[in-house]
Amino acid sequence: MQNKPPSGKIVLAGNPNVGKSTLFNLLTGKKVHTGNWSGKTVAVSQGYGVHNQSTYIIEDIPGISSLTNPTAEEVAAFKAIASDSYDCLVIVADATNLTRSLAITLRILELTSRCMLFINLCDEAKKQGIQIDTKALSFILGIPVVASTARKKSSAALVMDAAESVIQGNVSPFVFTPLYSPETENALASFSYDRRETILHICLSGDSLLPLKVDMAERVATLSEKIERISVKKSNYTSKRLIDTLLCSHLCGIPLMLLGLFLILYITVFLSNYPSMLLSQMFSFISRLLVRLFDFLSVPELVTSVFIHGIYSTTATVVAVMLPPMAIFFPLFSILEESGILPRIAFNLDGAFKKCGSCGKQALTICMGLGCNCVGVTNSAIIASKRERLIAILTNSLTPCNGRFGAIIACISIFLSQGNGALTAFYMALVLAFSFLSTILASYILSKTLLKGTGTPFILELPPYRRVNVFKVAYSALRKNTPGILLRAVAISAPMGALISILNRFEWLLPIAKFLDPMGALLHLDGITLLAFILAFPANEIVFPIALMLYTQSGVMVSGFSHATLQMALTQNGWSAASAVSFIIFSLMHHPCSATVLTIKKETGSIKWTLASIILPLAMGVLFCLAFNALSQIFSV
Amino acid sequence: MKLSMLNVGEKATLSHTNTPHSLFLRLTDMGMSPTSPIECLFCNLSGGMKAYLFGGTLVALRNEDADCIEVIITEV
């Protein structure tokens, strides 16, 4: 498809959360992840679409709320809209809230006439009794208007037909709608419409330009309402109010959110045990076959040790422990995203984050960090203020990702709950509450020290709830997140596995662990556990497999071990309930994994902030463990 | 009165604004206009943020930001 020269470039633009990514997926056949909250798309996606035997480049740009005053993350979208780089701009609108989409459409029409309007979510609008007269709209705006839903396959042909007509110039003459006051319009009359904005910016400074823009924005809002009154019959936001009454209420809001989180974790933890065990058995079987093959080929023992007991074992352990929880957590979380619940969480928790100099959207990055800290860090881009975004990035690794769940749950199950499933889930919820409070504390410290500053205005849009196609969303989430994260972990695990194998082969690991023993004792841990945390830099999942390998001196890292095996090894090496609590604290607060560190470097573009993101949780972990050790000695836990 | 003083369930219309222009521009782009009614629907647990429905869009604002927007109450 890509070999044929493209006949044009089509860019999808519009307000956030109107279904641009869904339309992009439909037109290109790609599977870009979608979500029901403002700011989900933070990067430009590009693909190819074919229509009437012609190939078109299709580009999905981040949503934009304001062309008049774009925020930092909207600037890229604004530049794309204002540029000459496309042949047709498809403005994607939300049929259930057309006034807002019309406002941005009118503003885009001031910049370009090479566009069409696609009114999405008509199925939901129909359910709400909204009827749209597309012919009247097309007549008023002077551009092709298509109304359908991006989830329907037939919509692709309708959009591409209209886009093709724009590209080929088969559209009605441009109808210009005056947006500024009569005086300003008179002053601008001698300039062509696409140069008006530039002229205004040249003639007026920021301070005198803004009142003019405010006046214009009010006119656009009023005009949008008028157009909507002509072309739309509606009744709006009423039916879903009951859900908000529950989710945003003082009494039920927080308990319902905690219950949802508890259920997601419970399902993730308990469903992932079985596939993890199966994968582990399969990898062990393959390992035995490989050993026989290497023996048959008379491969030197050192090579066998490095390749099978090092690279293969480490990689297989990471995959067996990491894949099943990821494959369950991400789809479950995506269902929450798609339904529109996440911004309500930000609304409910904004008070706590405001007190520590941040904003409620940080709660969303924390939720995403529960799946993978890399995803949490990347999606911090939804926070408009740079200072608040940095706070969210630097503190994200204090949220335990899926990779840390396994070890924390094993500790709880063995030393605290004695295998009681419900009690384990309860203690896990306490651990998460502790992690949340430590994030709030770290954010507060940062906002009073390294990242001092005043709060910026915070506008949080609460999108309407949407019906979720569970299987489609789950599949899309699985495809989008899992392979990338797994590959990154495997890419770092393999060389680390070789290193561990060589260190083990020459019997250097135990002396290093012994060297770390005094430091470990201060933290109520031991040298082997500290060394396991260091060697598990590629992926948090392998902390216990490494520790077990060193405790049992087996020389081979294995996953899929039972809690009984782990309990025996740990208790024989002096572990107690207090050691388990120290382990959990240090597991929550230590250096981020390698993939997260690389993501932080990419997002901040700064070595200073990357180092800060490593030092901050590590320092907190050491301090908390020291304090716990002192307390446990006082009370002789 | 200030928008932040609107109680849950009350409706108002825009009177005038002392908001930083940049904030007000975003709100008008989201559907706030002199002709569109504004309804306060929810208040969060800390009481520092309220959700307002205007122009078909549900938007939550912190009280200090909503303080800069003057409204005239139309329905209690």
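Model, not experiment: these values are computed from the prediction.

Regarding the overall build of chain A
Here is step 1: Looking only at helices and strands, chain A has 26 helices and nine strands in total.
Here is step 2: Within chain A, buried positions represent 56% of all 637 residues.
Here is step 3: Long-range contacts, defined here as pairs at least 24 residues apart, represent 74% of the contacts in chain A between residues at least 6 apart.
Here is step 4: As presented, chain A carries roughly 26,800 Å² of accessible surface, and 66% of it is formed by carbon and sulfur atoms.

Re empty space enclosed by the protein
Residues and elements named next belong to chain A.
Here is step 1: According to the stated counting rule, one finds five cavities of 30 Å³ or more in the structure shown.
Here is step 2: Around the second largest cavity sit 18 residues that line it, and Met322, Cys372, Ile485, Glu541 and Cys593 are the ones nearest its centre.
Here is step 3: Elements that contribute at least two residues to the lining of the second largest cavity include exactly α12 (301-339), α15 (373-378), α17 (402-416), α19 (470-505) and α25 (594-604).
Here is step 4: Partitioning the lining of the second largest cavity into residue classes produces 11 nonpolar, six polar and one charged.

Points about α12 of chain A
Here is step 1: With 39 residues, α12 of chain A extends 55 Å between its outermost C-alpha atoms, agreeing within 8% with the 57 Å of an ideal straight helix rising 1.5 Å per residue.
Here is step 2: Of all the bends in α12 of chain A, the largest measures some 35° and sits at Ser313 of chain A.

Considering the interface of chain A and chain B
How big an interface is tends to be stated in terms of the accessible area lost upon association of its parts.
Here is step 1: Facing the 45 residues of chain A at the interface are 37 residues of chain B.
Here is step 2: In total, chain A and chain B occlude about 3,600 Å² of area from one another, counting both sides; carbon and sulfur atoms represent 62% of this.
Here is step 3: Linking chain A with chain B are two salt bridges, by the criterion used here.
Here is step 4: Inspection of the region where chain A meets chain B yields nine residue pairs in polar contact (both at pLDDT 80 or more).
Here is step 5: Of all elements in the fold, only α3 (98-111), α9 (206-231), α10 (241-247), α13 (342-355) and β9 (459-461) of chain A reach the threshold of two or more residues within the side of chain A that touches chain B.
Here is step 6: At nine residues, α9 of chain A tops the list of elements feeding residues into the side of chain A that touches chain B.
Here is step 7: Along the lines of polarity and charge, the residues of the side of chain A that touches chain B split into 18 nonpolar, 16 polar and 11 charged.
Here is step 8: With three bridges connecting them, β9 of chain A and strand β4 (residues 57-62) of chain B associate as antiparallel partners.

Comments concerning the packing of aromatic side chains
Residue and element names in this part refer to chain A.
Here is step 1: Tallied over the entire structure, the rule returns 13 aromatic pairs over all chains.
Here is step 2: Both rings, one in Phe329 and one in Phe330, keep their centres 6.1 Å apart while their planes meet at 70°; by these two values the pair is edge-to-face.
Here is step 3: Taking relative accessible area as the criterion, Phe329 reaches 2% and is therefore assigned buried.
Here is step 4: Owing to a relative accessible area of 4%, Phe330 belongs among the buried residues under this scheme.
Here is step 5: Ring geometry for Phe434 against Phe624: centres 5.6 Å apart, planes inclined by 80°, an arrangement best described as edge-to-face. Of this pair, Phe434 sits in helix α18 (residues 421-448) while Phe624 sits in helix α26 (residues 607-635); the two residues are 190 residues apart in sequence, bridging distant segments of the chain.
Here is step 6: We classify Phe624 as partly exposed; its relative accessible area is 26%.
Here is step 7: The ring of Tyr465 has Arg344 sitting right over it, with the charged end atom 4.2 Å from the ring centre.

Topic: unusual backbone geometry
All names here are of chain A.
Here is step 1: Residues other than glycine seldom take positive phi values, yet Asn52 does so here, at roughly 50°.
Here is step 2: As for its position among the elements, Asn52 is in the loop between β2 (45-51) and β3 (54-60).
Here is step 3: With a relative accessible area of 52%, Asn52 lands in the exposed category.

Things to note about the nonpolar core
Residue and element names in this part refer to chain A.
Here is step 1: Counting residues in each nonpolar core, the largest one holds 110 residues, and the members touching the most others are Phe347, Phe544, Ile546 and Phe583.
Here is step 2: Among the elements that take part in this core, α17 stands out by supplying nine residues, more than any other.
Here is step 3: Once you skip the residues sitting within four places of it in the chain, Phe583 turns out to touch Ala407, Cys411, Leu525, Thr529, Phe533, Val543, Phe544 and Trp575.
Here is step 4: Listed in part, the 31 residues of the second largest apolar core include Ala13, Ile61, Ala77 and Val145.

Some points on the confidence of the model for chain B
All names here are of chain B.
Here is step 1: Per-residue confidence for chain B gives a mean pLDDT of 84, with 91% of residues at or over 70.
Here is step 2: Across chain B, element-level confidence peaks in strand β3 (residues 49-54) with a mean pLDDT of 92 and bottoms out in helix α1 (residues 21-29) with 75.
Here is step 3: Scoring of the predicted complex yields 0.72 for pTM and 0.93 for ipTM.

Considering α25 of chain A
Here is step 1: Turning to α25 of chain A, its buried residues number three or more, namely Ser594, Ala595, Thr596, Val597, Thr599, Ile600 and Thr604 of chain A.
Here is step 2: At the C-terminal side of α25 of chain A, Gly605 of chain A shows a positive phi close to 65°.

Some points on the sheet that holds β2 of chain A
Residues and elements named next belong to chain A.
Here is step 1: On the basis of which strands lie adjacent, the open sheet formed by six strands has the order β2-β3-β1-β4-β5-β7 and mixed pairing. For this open sheet the edge positions go to β2 and β7 (145-147), each flanked by a neighbour on one side alone. Across the sheet, the mean angle separating the axes of adjacent strands is 25° when strand polarity is ignored.
Here is step 2: When strand β1 (residues 8-14) meets strand β4 (residues 88-94), the two strands line up parallel, connected through five bridges. Among the inter-strand pairings, Gly14 is bridged to a residue of β4, identified as Val92.

The rules behind each value
Residues numbered from 1 in each chain as written. Chains lettered and ligands numbered in written order. Predicted model: local features only at pLDDT ≥ 70, side-chain atom pairs only at ≥ 80, totals over all residues. Heavy atoms only, no water. Helix = DSSP H or I, 4+ residues; strand = E, 2+ residues; numbered from the N terminus. Buried < 20%, exposed > 50% of the residue type's maximum accessible area, 1.4 Å probe, protein only. Contact = heavy atoms within 4.5 Å. Areas by Shrake-Rupley, 256 points an atom, 1.4 Å probe, with all protein chains shown as cover. 1 Å grid on protein atoms, 1.4 Å probe; cavity = no way out; pocket = protein on both sides within 12 Å on 5 of 7 lines; lining within 4 Å. Points joined across faces, edges and corners; volume = space filled by probe spheres on them. Nonpolar A, V, L, I, M, F, W, Y, C, P; charged D, E, K, R; others polar. Expected span 1.5 Å × (residues − 1). Bend = angle between axes of the 7 residues up to and from the residue. Buried area = accessible area lost by both parts, 1.4 Å probe. Salt bridge = Lys/Arg side-chain N within 4 Å of Asp/Glu carboxyl O. Polar contact = N/O pair within 3.5 Å; in protein donor to acceptor, adjacent residues only side chain to side chain. Pairing = 2+ DSSP bridges. Phe/Tyr/Trp six-rings, centres within 6.5 Å; stacked < 30°, edge-to-face > 60°. Lys NZ or Arg CZ within 6 Å of the ring centre and 35° of its normal. Core = buried A, V, L, I, M, F, W, Y, C linked by side-chain atoms within 4.5 Å. pLDDT = per-residue confidence, 0-100. Axes fitted to C-alpha atoms, helices over the stretch in contact; angles between N-to-C directions.

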